[in-house]
Amino acid sequence: MEQNNTPGSLLKNALSASFGLFVFAFGVHLTIRANIGAGPWDVFQLGLSSSLHILYGNASVTVSLLILLIDICLREKIGIGMILDAILVGKSVDLFDALNLIPMQQSLLTGIPMMLIGIVIEGYSQYFYMRSALGCGPRDTLLVGLKRKLPKIPLGLVSIALLVTVTGVGYLLGGPVGIGTLIYMFTAGPILQFALKTVRCDVTAIDHQSIPDTCRVLLAHRKKK
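Criteria and thresholds
Residues numbered from 1 in each chain as written. Predicted model: local features only at pLDDT ≥ 70, side-chain atom pairs only at ≥ 80, totals over all residues. Heavy atoms only, no water. Phe/Tyr/Trp six-rings, centres within 6.5 Å; stacked < 30°, edge-to-face > 60°. Helix = DSSP H or I, 4+ residues; strand = E, 2+ residues; numbered from the N terminus. Buried < 20%, exposed > 50% of the residue type's maximum accessible area, 1.4 Å probe, protein only. Axes fitted to C-alpha atoms, helices over the stretch in contact; angles between N-to-C directions. Parallel < 35°, antiparallel > 145°, perpendicular 65-115°, else oblique. Left-handed = near helix turned anticlockwise from the far one by under 90°. Contact = heavy atoms within 4.5 Å. Nonpolar A, V, L, I, M, F, W, Y, C, P; charged D, E, K, R; others polar. Polar contact = N/O pair within 3.5 Å; in protein donor to acceptor, adjacent residues only side chain to side chain. Patch = residues over 30% accessible without salt bridge, like charges linked within 9 Å, V, L, I, M, F, W, Y side chains within 5 Å. Areas by Shrake-Rupley, 256 points an atom, 1.4 Å probe, with all protein chains shown as cover. Salt bridge = Lys/Arg side-chain N within 4 Å of Asp/Glu carboxyl O. Core = buried A, V, L, I, M, F, W, Y, C linked by side-chain atoms within 4.5 Å.

(A) Molecular detail of the packing of aromatic side chains. What the rule picks out here adds up to five aromatic pairs. Ring geometry for Phe22 against Phe96: centres 5.1 Å apart, planes inclined by 45°, an arrangement best described as tilted. On the criterion of sequence distance, the pair formed by Phe22 in helix H1 (residues 7-33) and Phe96 in helix H4 (residues 80-99) is long-range, its members being 74 residues apart. Taking relative accessible area as the criterion, Phe22 reaches 37% and is therefore assigned partly exposed. Put simply, the rings of Phe19, Tyr127 and Phe128 pair up and form one aromatic cluster.

(B) The packing of helix H5 (residues 108-130) against helix H8 (residues 179-198), seen in detail. Put simply, H5 and H8 touch, their axes get as near as 8 Å, and they point 40° apart. Classified by the angle their axes make, H5 and H8 are oblique. When the axes of H5 and H8 are compared, the crossing they make is right-handed. Within the contact between the two elements, H5 uses Leu108, Ile112, Met115, Leu116, Ile119, Val120, Glu122, Gly123, Tyr124, Gln126, Tyr127 and Met130 and H8 uses Ile179, Gly180, Ile183, Tyr184, Thr187, Ala188, Ile191, Leu192, Phe194, Ala195, Leu196 and Thr198. Among the residues forming the contact of H5 with H8, the class breakdown is 18 nonpolar, five polar and one charged.

(C) The environment of Glu76, seen in detail. Tracing the sequence through the fold places Glu76 in the loop between helix H3 (56-73) and H4. Along the primary structure Glu76 and Ile54 are separated by 22 residues, whereas in three dimensions their C-alpha atoms are 30 Å apart. Once residues within four sequence positions are removed from consideration, Glu76 is found in contact with Asp71, Thr141, Val144, Gly145 and Arg148. A polar contact of 2.9 Å, which involves the side chain of Glu76, links it to the side chain of Arg148.

(D) A look at a nonpolar patch on the surface. On the surface, a cluster of nonpolar side chains totalling about 420 Å² of accessible area is made up of Leu150, Ile153, Leu157, Ile160 and Val164. Here Leu150 lies in the loop between helix H6 (138-149) and helix H7 (155-172).

(E) Layout of the nonpolar core. Ranked by internal contacts, the top residues of the largest apolar core, which has 22 residues, are Val28, Ile32, Tyr56, Val93 and Tyr129. Elements with a contribution of two residues or more to this core: H1, helix H2 (40-52), H3, H4 and H5. With six residues, the single largest contributor to this core is H1. Apart from the residues lying within four places of it in its own chain, the contact partners of Ile32 are Asp42, Leu46, Tyr56, Val93 and Met104. One finds Ile102, Met114, Tyr184 and Ala188 within the second-largest nonpolar core, a separate group that totals 11 residues.

In structure tokens form, the structure reads like this:
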């Protein structure tokens, strides 16, 4: 992976991240169109969309930006990739919805395979986003931030508590909960781990660049001119 130490490498990695997020959004679209219950965060965002009578993407962007503010309050590192994540994924899902190329499934026989295909696409697309080293997603950063504040509680329990909470709130708002929600909860993590292993991506070795560091790179380049 090329380091983000020049404007050129920053642009290259920002484009790579944007591509990954766009493909990730298609995976999200498939998990929703599977019509057997959405993933935890999508249950929440679809519930919010239904309650406020707004597009899914607008609900997703709103939730993402609110989480981003929480991440800042938790003093976690914020990168431009997080901003791209907050905006691109939700609105890309809206685009796929508008194109209406994938019909809503009407049975478990077709819904379960579509859910799994969507999760696999999400897993592999995250490689392009993570390798850009421009910041983790707002939700992942929130999980890390909560873990730092709760050092005595295992990360797995923090993750479960967070997912159960957003799923519960989403359900109360009218979000779709079903067998697909359970499938997502139990397979998304292992599938992501498998996907990153097959492309030989060690996420623990990636040093994500914060927005202030990105600004310093751009300013340093400008001074050299």
